[in-house]
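What the coordinates show
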Amino acid sequence: MPDRSCRAICWTPLWHARLPGVGLEQLLLGEGWADGCILAFDEAEGEGSGGESGEPPFRLDYRLDWDAGWRLRKAQLGLRRVEAAHGLVERSLVLHTDGAGRWWGDDDALDALAGCVDIDIWPTPFTNSFPIRRVPLAVGERREFRMAWVNAPALTVAPQAQAYTRLAQHRYLFESLDGSGFRVVLEVDDEGIVVDYPGFFRRAPAQA
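Our subject in this report is the structure included herewith. Just so you know, these numbers come straight off a predicted model, no measurement behind them.

**Here we look at the overall build of the chain**
Each helix and strand counted, the chain has one helix and 14 strands in total. The C-alpha radius of gyration of the chain comes to 17 Å, within 12% of the 17 Å expected for a compact globule of 208 residues. Dimensions of the chain, computed from C-alpha atoms along their principal axes, come out at roughly 50 × 50 × 40 Å. Evaluated residue by residue, the chain yields a buried proportion of 45% over its 208 residues. For the chain, restricting intrachain contacts to residue pairs at least 6 apart in sequence, the fraction spanning at least 24 positions comes to 45%. If you sum the accessible surface of the chain, you get close to 10400 Å²; carbon and sulfur atoms cover 50% of it. Distance between charge centroids for the chain: 5 Å, based on 22 positive and 31 negative side chains.

**As for the packing of aromatic side chains**
Going through the model one piece at a time under the given rule, you end up with 15 aromatic pairs. Look at Trp66 and Phe126: their rings are 5.9 Å apart centre to centre, the planes differ by 45 degrees, and that puts the pair in the tilted class. One end of the pair, Trp66, is in strand E4 (residues 57-66); the other, Phe126, is in the loop between strand E8 (118-122) and helix H1 (129-134), with 60 residues separating them in the sequence. Assessed through its relative accessible area of 8%, Trp66 is described here as buried.

**Some remarks on the pairing of strand E2 (residues 24-30)**
As defined by bridge partners, strand E1 (residues 7-13) adjoins E2 across five bridges and the pair is classed as antiparallel. For Ala8, the partnering residue across the bridge sits in E2 and is Leu28. The sheet contact formed by E2 and strand E3 (residues 33-41) spans seven bridges and is antiparallel. Among the inter-strand pairings, Leu24 is bridged to a residue of E3, identified as Leu39. In this structure, the hairpin formed by E2 and E3 is closed by a connection of two residues, where Gly32 is found at a positive phi of approximately 85 degrees.

**Let's talk about the pattern of salt bridges**
Tallying each qualifying case throughout the model produces 15 salt bridges. Across the salt bridge formed by Arg134 and Asp118, the nearest N and O atoms sit 2.9 Å from each other. In this pair, Arg134 sits in helix H1 while Asp118 sits in strand E8, placing the two residues 16 residues apart along the sequence. On the basis of relative accessible area, Asp118 is assigned to the buried category, the value being 1%. When salt bridges that share partners are traced, they join Arg7, Asp189, Glu191 and Arg203 into one network.

Procedures and definitions
Residue numbers here run from 1 along each chain, matching the order of that chain's written sequence. With pLDDT at 70 or above as the cut-off, local features in this predicted model cover only qualifying residues; side-chain atom pairs require 80 or more to be listed or tallied, and sums for whole chains, interfaces and linings still use all residues. For side-chain calculations, the full set of non-hydrogen atoms in the structure is used, while hydrogens and water are omitted. By definition, any uninterrupted DSSP run of H or I lasting at least four residues is a helix, any uninterrupted run of E lasting at least two residues is a strand, and each is numbered from the N terminus. Every radius of gyration here is taken over C-alpha atoms, with the globule rule written as 2.2 Å times N^0.38, N being the number of residues. To sort residues, take the accessible area from a 1.4 Å probe on protein chains only and compare it with the maximum for the residue type: under 20% means buried, over 50% means exposed, and anything in between is partly exposed. What makes two residues a contact is simply this: any of their non-hydrogen atoms within 4.5 Å. Here the accessible surface of atoms and residues is derived via Shrake-Rupley with a 1.4 Å probe, and residues count as covered only by protein chains that are part of the display. Positive charges are assigned to Lys and Arg, negative charges to Asp and Glu, while His and the chain termini are left out of the count. Taken as the charge centre is NZ of Lys, CZ of Arg, CG of Asp or CD of Glu, depending on the residue. Only rings of Phe, Tyr and Trp enter the pairing, Trp through its six-membered ring, and a pair is recorded when the two centres are within 6.5 Å. The plane angle decides the type: under 30 degrees is stacked, over 60 is edge-to-face, the rest tilted. What makes two strands pair is DSSP finding at least two bridges between them. The salt bridge definition used is simple: a Lys or Arg side-chain nitrogen within 4 Å of an Asp or Glu carboxyl oxygen.

Rendered as structure tokens:
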């Protein structure tokens, strides 16, 4: 049977300094799962093909599964890009978690991620929804989180401290506590999904 509760969401990436607005993310969102595809350019200088400024374009596919309390249980990521020096480059990453701070790959425990409950994947605004949905905050309340931070296109994963403060019904102050001082106010919809991430992502208009 088709999943009639599934919805499609698209974002335009704005974060690339030389190619703002070039690329697209499409997300299929169901009950307890999400399937996303990101097409973007690597911001790092390189010997890529396809970008006027030399950055290699990449495609990132991800599948996320979580329980009824928005505790992640599995993340599968696959990346493809073509580089002039190496041809087709493919990377993959599979993460499992028990929803209580223990993580492992296909075989080995990932002790560095101990205590992380949520995932934050760069570059998608969707994963900001996990702490927002998992831990409802009152307006004015602030909470710190330990995230499993995945960085594409390298597909590395490391713990990162972050904080969210609920400013209004649909507005959250997001802070990275990695020493960078990064702060941004996110606008979300009724389901806690990002609508506007100033300077980084903007929701594409819904189609009828």
